[in-house]
Amino acid sequence: LFEMLFFEEVKTKGLSLTLRGERKEPLERWEVCLIDSFNPRSPLLNSLPEGRTCFRPEGIFQGGFDAVIVDTEARKVEFVQVTTAKKHSFKLKYFLQALRALGIPAGAGWNLRVIFVTLQTHLKQFQIEPAENSGALETYGWKKGKERKKAEVAALDVTV
């Protein structure tokens, strides 16, 4: 249900997120964007759409993430894992597989983020488990052994 809410917000209103940690600006606003499906296990048949697109994996039990938001103009890739759990696994092989399927070249100046989106009530205590396949994202600028520190945690701000 929480995942469905996330996609509905992305598609219709955009998102407001509260980011965890000490930041100048803890609130972040994501604009509305097109939602498209893709298979992370096979390359896109066409090139990436211009602008900002939210890709949703075709498989219902896709490991690692629930969405990949790609902004070709800003050269930004944001992996999103939506969860109501208090902790979540961090399997880097799925991110690498998706980057390759989307045709995002390593070392080409793309900004890569991984964001775990949870409930406001879980924001402070949410835990990311140790990264599996540490080093898998080194060619995308993520240092081996430092992945868990680089991943972000945010709460979805919902107004009903």
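Look a little higher up for the structure.
**Student:** Please explain the nonpolar core as it appears in this structure.
**Tutor:** As a rule of thumb, nonpolar side chains are buried together in soluble globular proteins. Core analysis: the biggest nonpolar cluster contains 32 residues, and Val-68, Phe-79, Phe-90 and Ile-104 have the highest contact counts within it. Of all the secondary-structure elements, those providing two or more residues to this core are strand E5 (67-71), strand E6 (76-82), helix H2 (92-102), strand E8 (111-118) and strand E10 (152-157). Per-element tally for this core: the top contributor is H2, with eight residues. If sequence neighbours within four positions are ignored, Val-68 has contacts with Phe-38, Thr-53, Cys-54, Phe-55, Val-77, Glu-78, Phe-79 and Leu-102. Ranked by size, the runner-up nonpolar core spans 18 residues in total, among them Phe-6, Val-10, Leu-15 and Cys-54.

**Student:** I tried to follow a positive patch on the surface on my own but got confused; where do I start?
**Tutor:** Together, Lys-143, Lys-146, Lys-149 and Lys-150 line one region of the surface with positive charge. Mapped onto the elements of the fold, Lys-149 is located in helix H3 (residues 147-150). Taking relative accessible area as the criterion, Lys-149 reaches 75% and is therefore assigned exposed.

**Student:** Before we go on, may I ask you to explain the side chain of His-88 in this structure?
**Tutor:** Checked against the element boundaries, His-88 lands in strand E7 (residues 87-91). Ignoring anything within four residues of it in the chain, the contact list for His-88 reads Gln-81, Thr-83, Phe-116, Phe-126, Gln-127, Ile-128 and Glu-129.

**Student:** What am I meant to see in the pattern of salt bridges here?
**Tutor:** Oppositely charged side chains are able to pair whenever their charged atoms sit close together. Following the criterion strictly, the structure yields eight salt bridges and no others. The closest approach of N and O atoms between Lys-13 and Glu-9, which form a salt bridge, is 3.4 Å. Its relative accessible area of 8% is what places Glu-9 among the buried residues. Through salt bridges with shared partners, a single network forms among Glu-28, Arg-52, Lys-76, Glu-78, Arg-113 and Glu-152.

**Student:** Would you mind going over the side chain of Thr-53 with me for this structure?
**Tutor:** Looking at the element boundaries, Thr-53 is found in strand E4 (residues 52-57). Those residues in contact with Thr-53, other than ones at most four positions away along the chain, are Cys-33, Leu-34, Asp-36, Val-68, Ile-69 and Val-70.

**Student:** Explain H2 to me, please; I cannot follow it from the model alone.
**Tutor:** Most of H2 sits inside the fold, with eight of its 11 residues counted as buried. Those residues of H2 not exposed but buried are Leu-92, Tyr-94, Phe-95, Leu-96, Ala-98, Leu-99, Ala-101 and Leu-102. Of the residues one or two after H2, Gly-103 is the one with positive phi, at around 75 degrees.

**Student:** Sorry if this is basic, but what is going on with the sheet that holds E8 here?
**Tutor:** Remark on secondary structure: sheet strands pair via backbone hydrogen bonds, oriented parallel or antiparallel. Here eight strands make up an open sheet; going across it, the order is E2-E1-E10-E8-E6-E5-E4-E3 and the pairing mixed. Lying at the two open borders of the sheet, with one neighbouring strand each, are strand E2 (27-30) and strand E3 (34-38). Taken over all neighbouring pairs, the strand axes of this sheet differ in orientation by 30 degrees on average, direction set aside. Judged from the four bridges that link them, E8 and E10 form a sheet pairing that is parallel. The partner of Val-117 across the bridge, within E10, is Ala-154.

**Student:** Help me understand the packing of aromatic side chains in this model?
**Tutor:** Remark: the centre distance and the inter-plane angle together describe each pair of aromatic rings, the angle taken between the planes. If you walk through the whole model with that rule in mind, you get eight aromatic pairs. Plain terms: the ring middles of Phe-6 and Phe-7 are 5.2 Å apart, the flat faces sit at 80 degrees to each other, and that makes the pair edge-to-face. With respect to burial, Phe-6 and Phe-7 carry one shared label: buried. On the basis of an interplanar angle of 70 degrees and a centroid distance of 5.6 Å, the ring pair of Phe-90 and Phe-116 is categorised as edge-to-face. Remark: Phe-116 occurs in strand E8 and Phe-90 occurs in strand E7; sequence separation between them is 26 residues. The residues Phe-90 and Phe-116 share a single accessibility class, namely buried. Aromatic ring contacts, followed pair by pair, group Phe-65, Phe-79, Phe-90, Phe-95, Phe-116 and Phe-126 into a single cluster. If you follow Arg-56 out to its NZ or CZ, it ends over the ring of Phe-7, 3.9 Å from the centre.

Rules used throughout
- Residues numbered from 1 in each chain as written.
- Predicted model: local features only at pLDDT ≥ 70, side-chain atom pairs only at ≥ 80, totals over all residues.
- Heavy atoms only, no water.
- Core = buried A, V, L, I, M, F, W, Y, C linked by side-chain atoms within 4.5 Å.
- Buried < 20%, exposed > 50% of the residue type's maximum accessible area, 1.4 Å probe, protein only.
- Helix = DSSP H or I, 4+ residues; strand = E, 2+ residues; numbered from the N terminus.
- Contact = heavy atoms within 4.5 Å.
- Patch = residues over 30% accessible without salt bridge, like charges linked within 9 Å, V, L, I, M, F, W, Y side chains within 5 Å.
- Areas by Shrake-Rupley, 256 points an atom, 1.4 Å probe, with all protein chains shown as cover.
- Salt bridge = Lys/Arg side-chain N within 4 Å of Asp/Glu carboxyl O.
- Lys, Arg positive; Asp, Glu negative; His and termini not counted.
- Charge placed at Lys NZ, Arg CZ, Asp CG, Glu CD.
- Pairing = 2+ DSSP bridges.
- Axes fitted to C-alpha atoms, helices over the stretch in contact; angles between N-to-C directions.
- Phe/Tyr/Trp six-rings, centres within 6.5 Å; stacked < 30°, edge-to-face > 60°.
- Lys NZ or Arg CZ within 6 Å of the ring centre and 35° of its normal.

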